[in-house]
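What the coordinates show
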Amino acid sequence: MSEATSSRVPALDGLRGIAVALVVAYHYWPDLVPGGFVGVSVFFTLSGFLIASLVRSEHESTGRVDLVAFYARRVRRLLPASLVTLVAVVGVMLVGEHPDASSVAGDAAAAGLYVANWRTAAAPGGYEALLETGVRPLDHFWSLSIEEQFYLVAPLLLVWPARRFAALTVIVGGLGLWFWWGDPDSYFATPVRAIEIALGVGLASVIGWPGRRLDPGSASTLLGVGGLVALGWMSLVWHETDPHLFRGSLVGVGFVSVALVLSCLGVGPVQRCLSSSGLVWLGKRSYAVYLFHWPLAELTSLPPLVAALVTMVLAEASWRLIERPALAGSGWTVPTIGLAVSSLVLAVGAIGITVSEGGTDPVRASEVFGEPAARSDASSSDDKSASGNGGHDDVAVVPVSSDESLDVLVVGDSQAVVIGTAWEEWAAVTGAMTVVQTGIRGCSGLLAEGWEFRYDNGESGQMRRPGDPACTPPPLEDLLVTHDPDLIVVAEWGTAMLDHRWAGDDTWVSTLDQAVADAWGVRYRRIEDLALANDVGLAFLTGPPCGRVAPCSEPGRIDAYNAVLEELRLPVLDLTPIFAAEPEKYRTDDGSHVSEGRPALLLAAEVIAPFAFDAADSTAKSGS
């Protein structure tokens, strides 16, 4: 947010420039700046400070606050550039027939209605899904939605002193922390993140700015240096999966932001540094930089440095051609009206797309395979070009003879969710078999064996413990009774790559440790015994290790896991060479999960379904 006031302080623009630089670095160079997301917290606190100061200044000058003018300023400042982003992203994906277009259309609708953060939190996998797969070029609108929600309640500043408003927000935030304590979705929860905004509001009420500057001296310098060091440390050390992020540590970033704002209002070397022309330039264009950088990262294959430069060029164009003219206008200009109408059309159209396609699925199977088809009368399942593909000759569909049927139960982690969901939908549409997906994102099968696991190598890595209600699927025995499958397919090699430890132990180990390898073997032998007792086939999927989560790609981990599967002498399908052979067809945006939408549907139809028939036949023969 940027306000043009007589009391504008260039150093605050510079602080905004640092904040957006951290966010861009986090998205473009996550290994270098793994905690750059703290820049969003700086934006929250700075926004609370500036809005409260603006309201206070107008009230003291005129004795009132013009609410119509207040919201008109917000519209002129925020709406034009955001609409350009939403229209451009959705348009590009629709014109390019991108498989995730319908999901992104729903994201655009949520962004246009300022509820993007709640949509993200409510989506399958919530926060953790962001770290996995799929093209999500509008995910960054979650933070803008929280700010817009704050603007909706900002008029309370007119009837309550800012201190009381800030205190109430902190109380609500405290309740939110209690409610979402330890839940990764707290990252998007408005009550929790509102604490950071409230700190800015409280600061504005305490120091009485604008109209007052801090006295020059060592205090301003100490606050600034300490704040910059703390912010830099957080950016370099914190990680997106650290559990302390979901237990209130982001409030600490708010206090660091308060220190930096105070330093900007003083006089000293930090204030002069933040007032440098380069940082001020970046700060004034930070809104457009934030809007444009993420879609470029998600929708193009530009190298990060090139994408960052393109972002700056687009941000300059946005500032000159869109944002500054809109800010200078009085009332509703013709371009603003046009953009507002576009926003309404976009929101309604996107909601229509989302609803008509049955939710937020990236692409429906009927779009790929045609309408539901009856089972084919083909006599051989080897003829993979038989009827039932809805006229899509580029898609191989496994035919099923009239006297043949296969019911499949898919279990595991996010790999099972992505593959199993697409497979289940394909099966329902084509009539080729029955598939039921029961996987849970981010959950290791060893939890049931008394092991904990974490998402990264740091001791503070986000952990799951045995009995975690978010990772407790129905017992396999119950699933077998409910669904009566012919074949169980296990897909959980993603979490198998993570560090585990026996509950209560202090030592984290991986599949390179024999104890963990043995634990996987014990789990799978129990599943095998259960399958044999119920006359059910059993098969496994494996593939490339995780992409973004730190320890997954460590050499040897996936080999040790695959060795466990080899000892079982059961059917195993390794997707690694398949992904490598046709990377465009079976796209893996994170290097491990097949991308949701068409890639997952094609993989299910052309690769996994034929494997399932062969596996069911193989295990049936071995058990007879």
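Data block above holds the structure.
What you are looking at is a predicted structure, and each value in this text was computed from that prediction instead of being measured.

**Concerning a nonpolar patch on the surface**
A cluster of nonpolar side chains, namely Trp29, Leu32, Leu305 and Leu309, defines an oily patch on the protein surface of about 430 Å² accessible area. We classify leucine 309 as exposed; its relative accessible area is 52%.

**Notes on the environment of glutamate 554**
One can find glutamate 554 in the loop between strand S7 (537-542) and helix H23 (557-568). For glutamate 554, a relative accessible area of 36% corresponds to the partly exposed category. Placed 44 residues apart in sequence, glutamate 554 and serine 510 show a C-alpha to C-alpha distance of 9.9 Å.

**A look at the sheet that holds strand S8 (residues 572-574)**
Backbone-to-backbone hydrogen bonds join strands into a sheet, with any given pair of strands oriented parallel or antiparallel. Read across the open sheet, the five strands follow the order S2-S1-S5-S7-S8; overall the sheet is parallel. The open sheet has two edge strands with one neighbour each: strand S2 (434-437) and S8. The sheet shows a mean angle of 20° between the axes of neighbouring strands, taken without regard to direction. Lying on the sheet, helix H22 (residues 514-533) is in contact with strand S5 (487-491) and S7; it crosses S7 at an angle near 150°.

**Some points on helix H15 (residues 286-299)**
Taking 1.5 Å of rise per residue, 14 residues should cover 20 Å, and H15 covers 20 Å from first to last C-alpha, within 8% of that figure. Across the 14 residues that make up H15, a large majority, eleven, are buried. Among the residues of H15, Ser286, Tyr287, Ala288, Val289, Tyr290, Leu291, Phe292, His293, Trp294, Pro295 and Leu296 are the ones counted as buried.

**Here's the deal with the packing of helix H3 (residues 67-95) against helix H7 (residues 141-153)**
Packing of H3 against H7 leaves a shortest axis separation of 12 Å and a crossing angle of 160°. Between H3 and H7, the angle falls in the class roughly antiparallel. Handedness of the H3/H7 crossing: left-handed. Contacts between H3 and H7 involve Phe70, Tyr71, Arg74, Leu78, Ser82, Thr85 and Leu86 on the former and, on the latter, Phe141, Glu148, Tyr151 and Leu152. The residue inventory of the contact of H3 with H7, partitioned by class, reads seven nonpolar, two polar and two charged.

**Observations concerning the environment of leucine 222**
Turning to its location among the elements, leucine 222 is positioned in helix H11 (residues 218-237). Residue classification places leucine 222 among the exposed residues on the basis of a relative accessible area of 62%. With 38 residues separating them along the chain, leucine 222 and leucine 260 place their C-alpha atoms 9.8 Å apart.

**Description of H3**
Residues spaced three or four apart along an α-helix face the same direction, because each turn holds 3.6 residues. Spanning 29 residues, H3 covers 40 Å between terminal C-alpha atoms, matching the ideal 42 Å at 1.5 Å per step. Maximal helix bending in H3 amounts to about 35°, located at leucine 79; proline proline 80 follows within four positions.

**Examining unusual backbone geometry**
The residue tyrosine 114 is not glycine, and still its phi comes out positive at about 60°. Classification of tyrosine 114 as partly exposed rests on a relative accessible area of 30%. Phi at aspartate 535 is positive, roughly 55°, even though this residue is not glycine. When you line up the elements, aspartate 535 lands in the loop between H22 and S7.

Reading guide: rules and limits
Residues numbered from 1 in each chain as written. Predicted model: local features only at pLDDT ≥ 70, side-chain atom pairs only at ≥ 80, totals over all residues. Heavy atoms only, no water. Patch = residues over 30% accessible without salt bridge, like charges linked within 9 Å, V, L, I, M, F, W, Y side chains within 5 Å. Areas by Shrake-Rupley, 256 points an atom, 1.4 Å probe, with all protein chains shown as cover. Salt bridge = Lys/Arg side-chain N within 4 Å of Asp/Glu carboxyl O. Buried < 20%, exposed > 50% of the residue type's maximum accessible area, 1.4 Å probe, protein only. Helix = DSSP H or I, 4+ residues; strand = E, 2+ residues; numbered from the N terminus. Pairing = 2+ DSSP bridges. Axes fitted to C-alpha atoms, helices over the stretch in contact; angles between N-to-C directions. Contact = heavy atoms within 4.5 Å. Expected span 1.5 Å × (residues − 1). Parallel < 35°, antiparallel > 145°, perpendicular 65-115°, else oblique. Left-handed = near helix turned anticlockwise from the far one by under 90°. Nonpolar A, V, L, I, M, F, W, Y, C, P; charged D, E, K, R; others polar. Bend = angle between axes of the 7 residues up to and from the residue.

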